[in-house]
Amino acid sequence: MPISEPTAWGQLPDGRPLHRWTLRNAAGARVDITDLGGTLLSWQAPDRQGSVGDVLLGHADAAAYLAATAYMGGIVGRWANRIRGGRFQLDGIGHKVDRNDGDNHLHGGHEGFHHRRWDVERDGEALLLRLASPEGDGGFPGDVRVQLRVALGDDGTLALAYEATADAPTPLNLTAHPYFNLNDRRDDIRDHVIRIDADEFLATDATAIPTGRQHVSGTAFDFREPAPIGSRLYWPDPQLRVAGGFDHCYVPRGAVGAAPRVVAVVAEPSSGRRLTVETDRPGLQFYSGQKLAGQLDRQGHPYGAFAGFALEAQAFPDVVNTDDAELGILRPGEVYRQLTRYRLDTL
């Protein structure tokens, strides 16, 4: 059976029950997902020797996910990444949204989509998740309705297909936030070798707000040819010092909004597992996990820095406060669509 029956998985503080589902494929891979935040709880996949292990970081239970601050595996909205000062202008009207990252808005605010209970139903061999976000949610205008279809293919591809509509103009920028470690026997991802198909990235200020595009040539951020994550972390690059590692949005090559294109490939030498990321989004946030220290794992023990990495397909951070603001706005009559695929195989 490709999808299990839902099983009980804790409850929200108001007593509403939570559940988890399991998607399986013919190759023996298994993905667990919950209606709490549409969170990807686990992804069991074989290494090159056929030994199955979990490639995702995670917490122990629902209460731990609700208490944590790392957005572990969740669906992020209404706005992935940051909005400077928690403010933006839309059609001449100023708006203030939650400020939960210093003076900035981050990942939907204090109670973003990753903490909501989504409605879940089967859709053939996939799961269909739905969420209604009311006017004023996190300070954002308009009622928004989101649908996410999650499917696990026999080729190891986990496909996330998003759609959303709004009854008033509003910023919308959705992403998934899984943390990967392709070697379940090691607690550090610095040996992972990454390629990012991008000639530019967005440099940031000390609060992680973009200051402009920068070419990757001659910088630690040049992953156009595969390179180990760890070796680059020690380059004398001012942008690495600002973030304590990588936490920057890349500008992948290829047409935006067309068919998804490959934007990144990550391989782990010992396990032989390889992750390929495809998306139709304009941006790809690469986070090397330097601030994961202290987040609790599934046994309640603290993760260390660089325990996992994230590759988040999204719009550019703070685009709503730039000349390209309209690229981040969903208007009535339009349909927000996004397709991102994570594919696991072995070398």
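None of these values were measured; they are calculated from a predicted model.

Here is what the cut-offs are and how they apply
Residues numbered from 1 in each chain as written. Predicted model: local features only at pLDDT ≥ 70, side-chain atom pairs only at ≥ 80, totals over all residues. Heavy atoms only, no water. Core = buried A, V, L, I, M, F, W, Y, C linked by side-chain atoms within 4.5 Å. Buried < 20%, exposed > 50% of the residue type's maximum accessible area, 1.4 Å probe, protein only. Contact = heavy atoms within 4.5 Å. Helix = DSSP H or I, 4+ residues; strand = E, 2+ residues; numbered from the N terminus. UniProt positions renumbered as here; feature names shortened; annotations may be inferred. 1 Å grid on protein atoms, 1.4 Å probe; cavity = no way out; pocket = protein on both sides within 12 Å on 5 of 7 lines; lining within 4 Å. Salt bridge = Lys/Arg side-chain N within 4 Å of Asp/Glu carboxyl O. Pairing = 2+ DSSP bridges. Points joined across faces, edges and corners; volume = space filled by probe spheres on them. Nonpolar A, V, L, I, M, F, W, Y, C, P; charged D, E, K, R; others polar. Axes fitted to C-alpha atoms, helices over the stretch in contact; angles between N-to-C directions. Polar contact = N/O pair within 3.5 Å; in protein donor to acceptor, adjacent residues only side chain to side chain.

### Some words on the nonpolar core
Line of reasoning, step 1. Of all hydrophobic cores here, the largest spans 62 residues; its most connected members are W43, F180, I196, F246, Y250, F286 and L311.
Line of reasoning, step 2. Not counting chain neighbours up to four residues away, the residues in contact with L311 comprise I194, A264, V266, V277, L284, Q285, F286 and Y342.
Line of reasoning, step 3. Membership of the second largest hydrophobic core comes to 16 residues, among which are Y65, M72, Y303 and A307.

### Brief notes about unusual backbone geometry
Line of reasoning, step 1. Residue R78 is reached from G77 by a cis peptide bond, and omega for that bond is 5°.
Line of reasoning, step 2. Looking at where R78 falls in the secondary structure, it is placed in the loop between β6 (75-76) and β7 (82-83).
Line of reasoning, step 3. You will see that Y71, though not glycine, has its phi angle at about 60°, which is positive.
Line of reasoning, step 4. Structurally, Y71 can be placed in the loop between α1 (62-67) and β6.
Line of reasoning, step 5. The class of Y71 is buried, set by a relative accessible area of 14%.

### Section: the UniProt feature "active site" (unreviewed entry) in the protein chain
Line of reasoning, step 1. Per the UniProt annotation, the sites labelled "active site" (unreviewed entry) are H177 and E312. Of the residues just listed, which span 136 residues, no C-alpha pair is farther apart than 6.1 Å, and they cluster in one region. Checked against the lining of the largest pocket, the annotated residues just named reduce to H177 and E312.
Line of reasoning, step 2. H177 gets classed as buried once you look at its relative accessible area, which sits at 2%.
Line of reasoning, step 3. With near-sequence residues (within four places) excluded, H177 lies in contact with A70, Y71, M72, G73, G74, V76, H107, A310 and E312.
Line of reasoning, step 4. You can see E312 is positioned in strand β25 (residues 310-314).

### Regarding the pattern of salt bridges
Line of reasoning, step 1. This structure, assessed with the given rule, holds 27 salt bridges.
Line of reasoning, step 2. Here R298 makes a salt bridge to D54, at a shortest N to O gap of 3.3 Å. With R298 in the loop between β24 (283-287) and β25 and D54 in strand β5 (residues 52-54), this residue pair connects regions lying 244 residues apart in the sequence.
Line of reasoning, step 3. Overall, the relative accessible area of 29% leaves R298 in the partly exposed class.
Line of reasoning, step 4. Of the charged contacts, one joins D222 and R224 as a salt bridge, the two residues approaching to 2.9 Å between their closest N and O atoms.

### Focus: the sheet that holds strand β12 (residues 126-133)
Line of reasoning, step 1. As summarised here, the arrangement of the nine strands in space is β11-β12-β13-β14-β27-β23-β22-β17-β20, forming an open sheet in which the pairing is antiparallel. At either margin of the open sheet sits one strand with a lone partner, and together these are β11 (119-123) and β20 (227-228).
Line of reasoning, step 2. In the sheet, β11 pairs with β12 via five bridges, with the strands oriented antiparallel. Residue pairing across strands places R122 opposite L127, the latter belonging to β12.

### Side note on the layout of surface pockets
Line of reasoning, step 1. Its boundaries defined by the atoms lining it, the largest pocket holds a volume of some 680 Å³.
Line of reasoning, step 2. Lining the largest pocket are 30 residues, with Y71, R82, D101, L106 and K291 sitting closest to its centre.
Line of reasoning, step 3. Of all the elements in the fold, those that place two or more residues in the lining of the largest pocket are α3 (238-243) and β24.
Line of reasoning, step 4. The class makeup of the residues in the lining of the largest pocket is 11 nonpolar, 13 polar and six charged.
Line of reasoning, step 5. As for the second largest pocket, its lining consists of 16 residues, of which D184, R186, D297, R298 and Y303 are closest to the centre.

### Structural notes on empty space enclosed by the protein
Line of reasoning, step 1. Inspection of the entire model under this criterion finds three cavities of 30 Å³ or more.
Line of reasoning, step 2. The computed volume of the largest cavity comes to approximately 80 Å³.
Line of reasoning, step 3. Lining the largest cavity are L36, T39, H59, Y65, A68, T69, A70, Y71, M72, G74, H114 and H115.
Line of reasoning, step 4. Looking at the lining of the largest cavity residue by residue, the classes come out as six nonpolar, six polar and no charged.

### A short note on the sheet that holds β25
Line of reasoning, step 1. The strand order β19-β18-β21-β24-β25 describes an open sheet built from five strands, whose pairing is antiparallel. Two strands close off the open sheet at either side, each with one partner strand: β19 (210-215) and β25. Neighbouring strand axes in the sheet, compared pairwise and without regard to direction, differ in orientation by 30° on average.
Line of reasoning, step 2. Where strand β21 (residues 247-252) lies against β24, four bridges are found, and the strand directions are antiparallel. By the bridge assignment, H248 is partnered in β24 with F286.

### Overview of the side chain of R331
Line of reasoning, step 1. Relative to the elements of secondary structure, R331 occurs in the loop between β26 (329-330) and β27 (336-346).
Line of reasoning, step 2. Within the structure, the side chain of R331 is placed 2.9 Å from the side chain of D91, a separation counted as a polar contact.
Line of reasoning, step 3. Not counting residues within four places of it along the chain, the set of residues in contact with R331 comprises L90, D91, P169 and E326.

### Observations concerning the environment of T276
Line of reasoning, step 1. On the secondary structure map, T276 appears in strand β23 (residues 273-279).
Line of reasoning, step 2. Separated by 119 residues in sequence, T276 and T157 have C-alpha atoms that sit 8.9 Å apart.

### With respect to the UniProt feature "binding site: beta-D-galactose" (unreviewed entry) in the protein chain
Line of reasoning, step 1. As annotated in UniProt, the feature "binding site: beta-D-galactose" (unreviewed entry) corresponds to N81, R82, H177, P178, Y179 and D247 in the numbering used here. Lining the largest pocket, from the residues just named, are N81, R82, H177, Y179 and D247.
Line of reasoning, step 2. In this structure, Y179 sits in the loop between β16 (175-176) and β17 (193-196).
Line of reasoning, step 3. What Y179 contacts, discounting residues up to four positions off in sequence, is V55, L56, L57, A70, Y71, M72, Y287, L292, G308, F309 and A310.
Line of reasoning, step 4. By the secondary structure assignment, D247 is in strand β21.
Line of reasoning, step 5. Not counting residues within four places of it along the chain, the set of residues in contact with D247 comprises R82, Q285, F286, Y287 and Q290.
Line of reasoning, step 6. In terms of polar contacts, D247 uses its side chain to reach the side chain of Q285, at 2.9 Å.

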